[in-house]
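One letter stands for each residue in the lines below.
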Amino acid sequence: MDPQPRTFTRAEAEALLPEVDRLLAEAHKFVEMLAATEQESQAAQWKPRANGRVHVEPATEVHDAGRRSVARQLRLLIERIQGMGIVVRDIGSGLIDFPSLRDGRIINLCWRRGEPLEIRFWHEVEAGFAGRQPL
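From a predicted model like this one, the values you see are computed outputs, not experimental measurements.

What counts as what
Residues numbered from 1 in each chain as written. Predicted model: local features only at pLDDT ≥ 70, side-chain atom pairs only at ≥ 80, totals over all residues. Heavy atoms only, no water. Helix = DSSP H or I, 4+ residues; strand = E, 2+ residues; numbered from the N terminus. Buried < 20%, exposed > 50% of the residue type's maximum accessible area, 1.4 Å probe, protein only. Contact = heavy atoms within 4.5 Å. Areas by Shrake-Rupley, 256 points an atom, 1.4 Å probe, with all protein chains shown as cover. Pairing = 2+ DSSP bridges. Salt bridge = Lys/Arg side-chain N within 4 Å of Asp/Glu carboxyl O.

Q: An account of the overall build of the protein chain is needed here, citing residue identities and associated values.
A: Scanning the protein chain from terminus to terminus reveals two helices and seven strands. For the protein chain, the α and β elements follow one another from N to C terminus as α-β-β-α-β-β-β-β-β. Counting every position in the protein chain, which comprises 135 residues, the buried fraction comes to 29%. The long-range fraction of contacts in the protein chain, counting pairs at least 24 apart against all pairs at least 6 apart in sequence, stands at 43%. Only carbon and sulfur atoms are counted for the fraction: they give 53% of the accessible area of the protein chain, which is about 8500 Å².

Q: Describe in detail the pairing of strand S6 (residues 121–124), supporting the description with residues and values.
A: Bridge count for strand S5 (residues 105–112) against S6 is four bridges, and the pairing is antiparallel. Pairing of Cys 110 across the sheet is with Phe 121, part of S6.

Q: Any details on the pattern of salt bridges? Residues and values, ideally.
A: Close approach of charged atoms allows side chains of opposite charge to pair. The full count for this structure, using the stated rule, is 10 salt bridges. For Arg 10, the salt bridge identified is with Glu 14, shortest N-O distance 3.5 Å. Highlighted residues: Arg 10 and Glu 14, both in helix H1 (residues 10–45), separated by four residues, approximately one helical turn. Residue Glu 124 is joined to Arg 105 by a salt bridge in which the shortest nitrogen-to-oxygen separation is 2.5 Å. With Glu 124 in strand S6 and Arg 105 in strand S5, this residue pair connects regions lying 19 residues apart in the sequence. The class for Glu 124 is partly exposed, based on a relative accessible area of 23%. Residue Arg 105 is classed as partly exposed on the basis of its relative accessible area of 33%. Put simply, Asp 103, Arg 105 and Glu 124 are held in one network by salt bridges that share partners.

These values are about where atoms sit, not about what they do.
Listed below in structure tokens is the structure:
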């Protein structure tokens, strides 16, 4: 059986939001960098030749090392957020959950980047984002 997750009160979750918002913004930049390097990598690999055939070039080691470095930094940021007891749902939209107790059961306090730095929504663990309800 899984150990119980750390649970947060609304006030505890809200106290972490400024730092978590900053970390998620940084993580989002890494996601964008990875997407951009992936597009560059794909474009560099497919080179049409004068005879009309396409030549596939292997990705450069420098390019791969850069992508690995960005991916490692992203992973460390996500692990840092998760280490606080926060559930990271989607880096792209900055969607996170704070496990919390409500009527003796675990629920999630739900927040997404761009929302005010306060917890306004919750949902049942199984319901996910689609089941968000106002507090």
